[in-house]
Amino acid sequence: MGQADVNVNLWLKDTKRFADLFNAILFQGKAVILPENLHPSPETTAVSLQDVQGKNVVKKQYRDIIMNWQDQAVLMLLAVESQTAIHYAAPLKVMLYDSMEYAEQVRVKWKEHPPCLSSAEFLSRFRKNDKLIPVITLIFYYGTEEWDGPLELHQMFDLGTEKSHAELMKKYLPNYHINLVDVRRLKNLESFQSDLQIIFGMLQCSQDKYALRTYIANHKDYFQKLDLETYHALGAFLNSRQLMEINLEKKEMEELDMCKALEDIYNDGVQDGLERGEAAHKKDVAFQMQKLGYSLDAIAAVLREPVDGISRILAVVG
């Protein structure tokens, strides 16, 4: 797992955000899943299998985030897999994660089996009335390219060119769908009730320099008071190593100001840098930085212009 995914996962593990993500995707924003009913579940799942020589081999899978949701009679496992790049085997990846989780449940239930079992139950290592806990996995994709990978296992098969034969075979080929959350292209952001709405809105305009500056200016109250995890997550979302590697020792107990980090975003290539010599662009930057409360000296330093030149630019803009 890369540093970007680590930062995003730490941010999403907050139970309010995690509940909000699932409520928006599963229930159109209705508060069905409550943060207080979410509890971390082990992120490592292991199963013991036999290889071709008959030897037991332990296979492990590591989940990004998985929570136990317990609400009265409802018990479910909710998982998130973060993706900054398109995964062309995503249905198989998720199917393996989920099936290993189910296999672990079967193993645990078998250890608790009563002394009286039928022969079928003994061979199955699963009692007739046993039930599995359902697992719902979301793929949280925050890459810039539009997802063009498969959304189900069937799309990974080559079933030939004869359409009628392919459709018949699909009836007997088990399928597995993925639940893709492409955050840069989500509709109905109003379904989110937490700061996910603000962050996803920012991501949807982050490829447009002017739109990003305007968006941050319009949400200044939020971006001026960020916790460390959100600051690092924004670094991952914007591909800014400077934001992801901010000094923890000095900033750990402080609220962080994203507005002041605009200079870092420009300098580390997230916005392709300042387009020097383009007068219209410099006017936009100067105006937006002024709205964010930057001093003339700070604006001049970022734009590499004399202070009196910045004053003239702002006078024309005003």
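Structure shown above.
Residues numbered from 1 in each chain as written. Predicted model: local features only at pLDDT ≥ 70, side-chain atom pairs only at ≥ 80, totals over all residues. Heavy atoms only, no water.

(A) Representation of the overall build of the protein chain in the model. When helices and strands are counted, the protein chain shows 15 helices and 7 strands. Looking at the protein chain as a whole, 42% of its 318 residues are labelled buried. A sequence separation of at least 24 residues applies to 64% of the contacts in the protein chain between residues at least 6 apart. Total accessible area computed for the protein chain in this model is approximately 17,900 Å², and 52% of it derives from carbon and sulfur atoms. (Helix = DSSP H or I, 4+ residues; strand = E, 2+ residues; numbered from the N terminus. Buried < 20%, exposed > 50% of the residue type's maximum accessible area, 1.4 Å probe, protein only. Contact = heavy atoms within 4.5 Å. Areas by Shrake-Rupley, 256 points an atom, 1.4 Å probe, with all protein chains shown as cover.)

(B) Representation of the pairing of strand 7 (residues 179–182). Judged from the 4 bridges that link them, strand 6 (residues 135–141) and strand 7 form a sheet pairing that is parallel. Pairing of Tyr141 across the sheet is with Asp182, part of strand 7. Regarding the hand of the β-α-β motif, the stretch spanning strand 6, helix 5 (residues 163–170) and strand 7 is right-handed. (Pairing = 2+ DSSP bridges. Right-handed = clockwise from strand over helix to strand, strands pointing away.)

(C) Structural detail: unusual backbone geometry. Within the chain, Gln28 stands out as a residue other than glycine whose phi angle is a positive 55°. Its relative accessible area of 60% is what places Gln28 among the exposed residues. If you check the backbone angles, Arg125 has positive phi at about 55° while not being a glycine. Under the relative-accessibility criterion, Arg125 is labelled partly exposed at 44%.

(D) How the structure looks around the packing of helix 1 (residues 3–12) against helix 9 (residues 228–237). At a minimum axis distance of 8 Å, the contact between helix 1 and helix 9 shows a crossing angle of 140°. When the axis of helix 1 is compared with that of helix 9, the two are oblique. Crossing angle aside, the handedness with which helix 1 passes helix 9 is left-handed. Two secondary-structure elements touch here, helix 1 through Ala4, Asn7, Val8, Leu10 and Trp11 and helix 9 through Glu229, Thr230, His232, Ala233, Ala236 and Phe237. Its residues assigned to classes, the contact of helix 1 with helix 9 comprises 7 nonpolar, 3 polar and 1 charged. (Axes fitted to C-alpha atoms, helices over the stretch in contact; angles between N-to-C directions. Parallel < 35°, antiparallel > 145°, perpendicular 65-115°, else oblique. Left-handed = near helix turned anticlockwise from the far one by under 90°. Nonpolar A, V, L, I, M, F, W, Y, C, P; charged D, E, K, R; others polar.)

(E) A look at the pattern of salt bridges. On inspection of all chains with the given rule, the structure shows 9 salt bridges. In this structure, the salt-bridge partner of Asp195 is Arg17, at a minimum N-O distance of 3.0 Å. With Asp195 in the loop between strand 7 and helix 6 (196–203) and Arg17 in helix 2 (residues 15–27), this pair connects stretches of sequence that are 178 residues apart. Taking the relative accessible area as the measure of exposure, Asp195 reaches 16% and is therefore buried. Relative accessible area serves as the criterion here: at 7%, Arg17 is assigned to the buried category. (Salt bridge = Lys/Arg side-chain N within 4 Å of Asp/Glu carboxyl O.)

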